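# Residue-level structural notes
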Amino acid sequence: MRGLCLTCLLAPALAGSGCNDKLAATDSATAGSTGPGATTGTTTEHAVTTGDATSTGDPLDDIPDCMTLVLPGDPADLALTPRPDRDAEVLALTLDPALAVAPQAHYEVIAGDLAAIRALAPALAEIHEDCRYPDGLAMWFRGETQQLMFAAINGVYRGWDCHNAAYGAPYGPRLFDGVAFKLYLDGVYGDGVRDAYAALPGFEEVEVYRCRYDDCPGVQCEASGSITLTPTFDGSGALEVREYRFESPDLGVTIYRVSPGQPPELIQ
């Protein structure tokens, strides 16, 4: 798990890039805009803004200013991913797939529920969410974008420095097939993160999609089972009644319901 402080992440990764010690906190509903904050429950999403860095129009010349560049995701939640219970983090993120990262408040409730259910039915601990929210991005460069690909691989492209630090990209891009590379992201992220990379300067013609880093680009994930959460919410967006459906070829379907302050109840 990465440390709680994004400034500590950004400083070594962005040394010499012109980026400062934290991301600005501007709220927006859509990456690339600067409108009013969009909230889901108590969570506010943040969007990409261009910042004050001078641009020549050449993406190889652009160096982001991390004091004014605002990325999708609440910084406090970004600092906590990947969390100890991946299943709980995945389920928390599925409640609002537009988010970049799961809200900690939802994660804590769901992790507690799963622990209680697994204590009652230990066999269910073998069912996991293997395939949702893979840990890699694949990027395909064709035609004139080949120059950008090699610039990124050689460390010349700086436009994604803040992204890589905020989203935990500990390794550089890895080339495959001569026209593409993959990037590992150390966390559980929603599609807002993929969209943020696709919106990078110079990436207008680059195909960016999600993949499991170890298998990318060819092997598709085969799920060993699934966990589905169907909740209700109170007026503030907090979780109320939670219904968990566990399914696997070996165990079939098992459903538990959890009400606030109550132990899990087997309903199927």
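Let us look at the structure shown here. What you are looking at is a predicted structure, and each value in this text was computed from that prediction instead of being measured.

### Let's talk about the packing of aromatic side chains
As enumerated under the stated definition, the model contains twelve aromatic pairs in all. Consider the rings of phenylalanine 141 and phenylalanine 203, whose centres lie 5.8 Å apart with planes at 75°: the pair is edge-to-face. Here phenylalanine 141, found in the loop between strand S3 (136–140) and helix H5 (146–153), pairs with phenylalanine 203, found in the loop between helix H7 (191–198) and strand S6 (207–211); they are 62 residues apart in sequence, far enough to count as distant. Neither phenylalanine 141 nor phenylalanine 203 differs from the other in exposure class; each is buried. Ring geometry for tyrosine 184 versus tyrosine 213: centroids 5.5 Å apart, planes at 70°, classification edge-to-face. In this pair, tyrosine 184 is assigned in strand S5 (residues 180–184) and tyrosine 213 in the loop between S6 and strand S7 (226–233), connecting sequence segments 29 residues apart. An aromatic cluster is defined as three or more aromatic residues linked by ring pairs; in this entry it consists of Phe141, Tyr157, Trp160, Tyr167, Phe181, Tyr189, Tyr197 and Phe203. The cationic tip of arginine 83 hangs over the ring face of tyrosine 107; the distance from NZ or CZ to the ring centre is 5.3 Å. A cation over a ring is seen here: lysine 182 above tyrosine 213, with NZ or CZ 4.6 Å from the ring centre.

### Looking at the environment of leucine 69
By secondary structure assignment, the location of leucine 69 is in the loop between strand S2 (43–44) and helix H2 (75–80). Accessibility expressed as a relative area gives 7% for leucine 69, which makes it buried. For the pair leucine 69 and cysteine 162, spaced 93 residues apart in sequence, the C-alpha to C-alpha distance is 8.0 Å.

### Topic: the sheet that holds strand S9 (residues 252–258)
Pairing in this open sheet of four strands is antiparallel, and the strands run S7-S8-S9-S10 from one edge to the other. This sheet does not close on itself; its edge strands, each paired only once, are S7 and strand S10 (265–266). Sheet analysis places S9 next to S10, joined by two bridges and oriented antiparallel. By the bridge assignment, arginine 257 is partnered in S10 with glutamate 265. Packing of helix H4 (residues 104–120) onto the sheet brings it into contact with S7, strand S8 (239–248) and S9, and relative to S8 it is tilted by some 50°.

### Points about unusual backbone geometry
Geometrically, the link from threonine 81 to proline 82 is a cis peptide bond, its omega value of 0° lying close to zero. Its place among the elements puts proline 82 in the loop between H2 and helix H3 (86–94). Phi is positive for tyrosine 133, which is not a glycine, with a value near 60°. Not every positive phi belongs to a glycine, and aspartate 177 is a case in point at roughly 60°. Structurally, aspartate 177 can be placed in the loop between strand S4 (174–176) and S5.

### With respect to the environment of alanine 79
Within the secondary structure, alanine 79 is located in helix H2. Sequence separation of alanine 79 and alanine 166 is 87 residues, and the distance between their C-alpha atoms is 8.0 Å.

### Considering the nonpolar core
Met139, Trp160, Leu185, Tyr197 and Phe203 are the most contacted members of the largest nonpolar core, which totals 29 residues. Secondary structure elements with two or more residues in this core: S3, H5, helix H6 (161–166), S5 and H7. By residue number, the principal contributor to this core is H5, which donates four residues. By size, the runner-up hydrophobic cluster in this structure holds 24 residues, among which are Ala92, Leu93, Leu99 and Tyr244.

### Looking at the environment of leucine 91
Its location among the elements puts leucine 91 in helix H3. The sequence separation of leucine 91 and isoleucine 227 amounts to 136 residues, and the corresponding C-alpha distance is 7.8 Å.

### Brief notes about the packing of H3 against H4
If you want to describe how two helices pack, look at the angle between their axes and the distance between the axes. Closest axis-to-axis distance for the H3/H4 pair is 8 Å, and the angle between their directions is 130°. The orientation of H3 relative to H4 falls into the category oblique. The way H3 lies across H4 gives a crossing that is right-handed. Mapping the contact onto sequence places Asp87, Ala88, Glu89, Leu91 and Ala92 in H3 and His106, Tyr107, Ile110, Ala111, Leu114 and Arg118 in H4.

### Brief notes about the sheet that holds S5
Strand order in the open sheet formed by four strands is S4-S5-S3-S6, and the pairing between neighbours is antiparallel. Of all strands in the sheet, those with a lone pairing partner are S4 and S6, marking the two edges. When the angles between neighbouring strand axes are averaged without regard to direction, this sheet yields 25°. Summarising the sheet, S4 and S5 pair through three bridges and their orientation is antiparallel. Pairing of phenylalanine 176 across the sheet is with alanine 180, part of S5. Docked against the sheet, H5 engages S4 and S5, running at close to 40° with respect to S5. Across the sheet, H7 touches S3, S5 and S6, and the angle it forms with S6 is around 150°.

The rules behind these values
- Position numbers for residues start from 1 in each chain and track the written sequence from start to end.
- Under the rules for a predicted model, residues below a pLDDT of 70 receive no local features and side-chain atom pairs below 80 are neither given nor counted, while totals for whole chains, interfaces and linings still include all residues.
- Where side-chain values are given, they derive from all heavy atoms of the structure, hydrogens and water being excluded.
- Note on ring pairs: Phe, Tyr and Trp rings are taken, using the six-membered ring of Trp, and paired if centres are within 6.5 Å. Classes follow the plane angle, with under 30 degrees stacked, over 60 edge-to-face and the rest tilted.
- Helix and strand definitions here come from DSSP, where helices need a minimum of 4 consecutive H or I residues and strands a minimum of 2 consecutive E residues; each element is numbered from the N-terminal end.
- When a residue's accessible area, from a 1.4 Å probe over protein chains only, is under 20% of the maximum for its type it is buried; when over 50% it is exposed; and in between it is partly exposed.
- Should the NZ of a Lys or the CZ of an Arg lie within 6 Å of a ring centre and within 35 degrees of the ring normal, that charge is described as sitting over the ring.
- Any two strands with at least two DSSP-identified bridges between them are counted as paired.
- Contact between two residues is taken to exist if any of their heavy atoms lie within 4.5 Å; hydrogens are not considered.
- In this description, a line fitted to the C-alpha atoms serves as the axis of each element, helices being fitted only across the stretch in contact, and the angle between N-to-C directions of two axes falls anywhere from 0 to 180 degrees.
- The term nonpolar core refers to a set of buried residues drawn from Ala, Val, Leu, Ile, Met, Phe, Trp, Tyr and Cys, joined through side-chain atoms within 4.5 Å.
- In what follows, roughly perpendicular refers to angles from 65 to 115 degrees, roughly parallel to angles under 35, roughly antiparallel to angles over 145, and oblique to any angle outside these ranges.
- Crossings are assigned a handedness: left-handed for a near helix turned anticlockwise from the far helix by less than a right angle, right-handed for a clockwise turn.

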